[in-house]
Amino acid sequence: MCTRVIWPDANGSVVVGRNMDFHKDLMTNLWKQPRGVQRDDGVKGELTWTSKYGSVIATAFDIISVDGLNEAGLGGHVLWLAESTYGQLDESRPALSQAIWLQYFLDNFATVAEAVAWIDETSVQVIQMPDPTGGNPPTIHLALDDATGDSAIIEYIDGRAQVYHSADYHVMTNSPTYDQQLTLLTRWEGLGGDQPLPGDTEAEHRFARAAYYAKRLPQPSSQLESIASMFSVIRNAAQPFRIPDPGKPDASQTIWQVVLDLTNKRYVYESTTRPNVVWVDLADLDFSEGSGQLKLDLLSKLSLEGGIAGNVASDFADDGPMTFLSFALLEQLEKAQGASAAKS
């Protein structure tokens, strides 16, 4: 699932696009997260922090942040990586649950370099969580990018972070691991090899198409043109709605895509099933401490007829704070389910 692309020189701006590919609707909404929110690691609560930067995030089921942009210009994107292995909890290392992993970086860092340095210093561990909706436990990796054009891909193999940090790492998809993706990329015509550019939905082939077309974007004359250009690249790497191939019952399809202008701090969202494009300029939101965690309800408001479209900064509303999935919350849910089953 998923493709992420950076355009680091879009006429003075750094522009990023990503597809969210999955086999079912993730019930995604957008949230404004202000400064001053107190959080913990979602594992044992031993790592705590207060958010330094405000952010706009896209969520899955309103319990995990899967994409986002903070007010310093740091972007983050969660993608699937089947090869991920997180290991058992090591009590000697700080840990983050998968649900809060991205949010920790958006809350605390302004640049990719700061985030990578913290990973190196702490040897932080990410802890895999069960899927409360009944799906397979997530196996994910994380991309970070910032307004300087820097980039990092963070993967967990055998319980340790493998960090690929370079401003040259513009594209990311899924399997195999990133080092292997870079090697495979050189096979294709226009990217170092002589094989025709592939056209199917395999992760390594989406990687190749995104890399090929991102390198050939003409300089835009406006922000509108830069955003439209990036949408054209990620749509080329999108996965169509389709009957799953034999042996692949959970084949992904593109359910939404976003484009982020990291320089001018605009977040643009487009659903493939609720097709009104909406965006928010972070400058139009109040991120001050105490301003509230506000929600943009895309599920009810992003309809084709009569729904919201365009600049939606004024449509974020107070629906109570977002509750990130944690092991403590999972335990509460299990106890509640057990009590309900006992009564019946």
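Preceding this paragraph is the structure being described.
Sequence order sets the numbering: in each chain, residues are counted from 1 along the sequence as written. Only residues with pLDDT of at least 70 get local features here, since the model is predicted, and only at 80 or more are side-chain atom pairs given and counted; chain-wide, interface and lining totals rely on the full set of residues. Calculated side-chain values reflect all of the structure's heavy atoms, with hydrogen atoms and water omitted.

Enquirer: I'm lost on the packing of aromatic side chains in this one. Help?
Expert: For any pair of aromatic rings, the description consists of the separation of the ring centres together with the inter-plane angle of the planes. Working definition: rings of Phe, Tyr and Trp (its six-membered ring) pair if their centres are within 6.5 Å, and the pair is stacked with planes under 30 degrees apart, edge-to-face with planes over 60 apart, and tilted otherwise. Going through the model one piece at a time under the given rule, you end up with 15 aromatic pairs. Ring centres of phenylalanine 22 and tryptophan 80 lie 6.1 Å apart, and the angle between their planes is 50°; on these two criteria the pair is classed as tilted. One end of the pair, phenylalanine 22, is in strand E2 (residues 13-22); the other, tryptophan 80, is in strand E8 (residues 75-80), and 58 residues separate them in sequence. With a centroid separation of 5.7 Å and 75° between ring planes, the pair formed by tryptophan 101 and tyrosine 156 is classed as edge-to-face. Here tryptophan 101 is found in helix H1 (residues 98-108), whereas its partner tyrosine 156 is found in strand E12 (residues 151-157), with 55 residues between them in sequence. Throughout this description, buried means an accessible area under 20% of the type-specific maximum (1.4 Å probe, protein chains only), exposed means over 50%, and partly exposed covers the range between. On the basis of relative accessible area, tryptophan 101 is assigned to the buried category, the value being 1%. Here a helix means four or more residues in a row that DSSP labels H or I, a strand means two or more in a row labelled E, and each is numbered from the N terminus.

Enquirer: Can you help me understand the sheet that holds strand E20 (residues 317-318) in this one?
Expert: Two pairing modes exist for strands in a sheet, parallel and antiparallel, and in both the strands are linked by backbone hydrogen bonds. Note: two strands are recorded as paired if DSSP finds a minimum of 2 bridges between them. As summarised here, the arrangement of the 9 strands in space is E13-E12-E11-E8-E7-E6-E3-E18-E20, forming an open sheet in which the pairing is antiparallel. Only two strands of the sheet have a single partner each, and these edge strands are strand E13 (160-165) and E20. Taken together, the 3 bridges between strand E3 (residues 30-33) and strand E18 (residues 294-296) define a ladder with antiparallel strand orientation. Residue pairing across strands places lysine 32 opposite leucine 294, the latter belonging to E18.

Enquirer: Which parts of the structure should I look at to understand the side chain of glutamine 33?
Expert: Within the element layout of this structure, glutamine 33 appears in strand E3. Side chain to side chain, glutamine 33 and arginine 39 meet in a polar contact 3.0 Å long. Whenever two N or O atoms come within 3.5 Å, that pair is a polar contact, provided that in protein one can donate a hydrogen and the other can accept it, and provided that, for residues adjacent in sequence, both atoms are side-chain atoms. Side-chain polar atoms of glutamine 33 contact the side chain of glutamine 293, separated by 3.2 Å. Every residue in contact with glutamine 33, bar those within four places of it in the chain, is listed here: Arg39, Gly54, Ser55, Ile57, Gln103, Phe287, Gln293 and Met322. The contact criterion used is simple: two residues touch if any of their non-hydrogen atoms lie within 4.5 Å.

Enquirer: In this structure, what is going on with the nonpolar core? I would like to understand it.
Expert: It is characteristic of soluble globular proteins that their nonpolar side chains tend to be buried jointly. In this description, a nonpolar core means a group of buried Ala, Val, Leu, Ile, Met, Phe, Trp, Tyr and Cys residues linked to one another through side-chain atoms lying within 4.5 Å. By size, the foremost hydrophobic cluster in this structure holds 97 residues, and its most contacted members are Leu96, Trp101, Phe105, Trp118 and Tyr267. With 7 residues, the top contributor of residues to this core is H1. The contact partners of tryptophan 101, leaving out residues within four places of it in the chain, are Leu96, Val126, Ile140, His141, Leu142, Ile154 and Tyr156.

Enquirer: I'm lost on the pattern of salt bridges in this one. Help?
Expert: Opposite charge on two side chains allows them to pair when their charged atoms are near. We define a salt bridge as a side-chain nitrogen of Lys or Arg found within 4 Å of a carboxyl oxygen belonging to Asp or Glu. Under the counting rule described, the total for this entry stands at 12 salt bridges. Two residues, aspartate 67 and arginine 18, come together in a salt bridge whose shortest N-O distance is 2.7 Å. Of the two residues, aspartate 67 sits in strand E7 (residues 64-70) while arginine 18 sits in strand E2, which places them 49 residues apart along the sequence. Assigned by exposure class, aspartate 67 and arginine 18 land together as buried. Between lysine 44 and glutamate 91 there is a salt bridge; the shortest N-O distance is 2.7 Å.

Enquirer: Help me understand the sheet that holds E2, please; the structure alone is not making it clear to me.
Expert: The 7 strands are arranged E14-E1-E2-E15-E16-E17-E19 in an open sheet whose pairing can be described as mixed. With partners counted over all chains shown, the strands left at the sheet margins are strand E14 (171-172) and strand E19 (310-311), one partner each. As judged from the 4 bridges shared by strand E16 (residues 266-271) and strand E17 (residues 278-281), these two strands associate in the antiparallel manner. Opposite tyrosine 267, over in E17, you have valine 280 as the bridge partner.

Enquirer: Can you help me understand the environment of alanine 10 in this one?
Expert: By the secondary structure assignment, alanine 10 is in strand E1 (residues 3-10). Since its relative accessible area comes to 3%, alanine 10 is described here as buried. Measuring from C-alpha to C-alpha, the distance between alanine 10 and glutamine 223 comes to 8.6 Å, with 213 residues separating the pair along the chain. Not counting chain neighbours up to four residues away, the residues in contact with alanine 10 comprise Val15, Gln219, Pro220 and Ser226.

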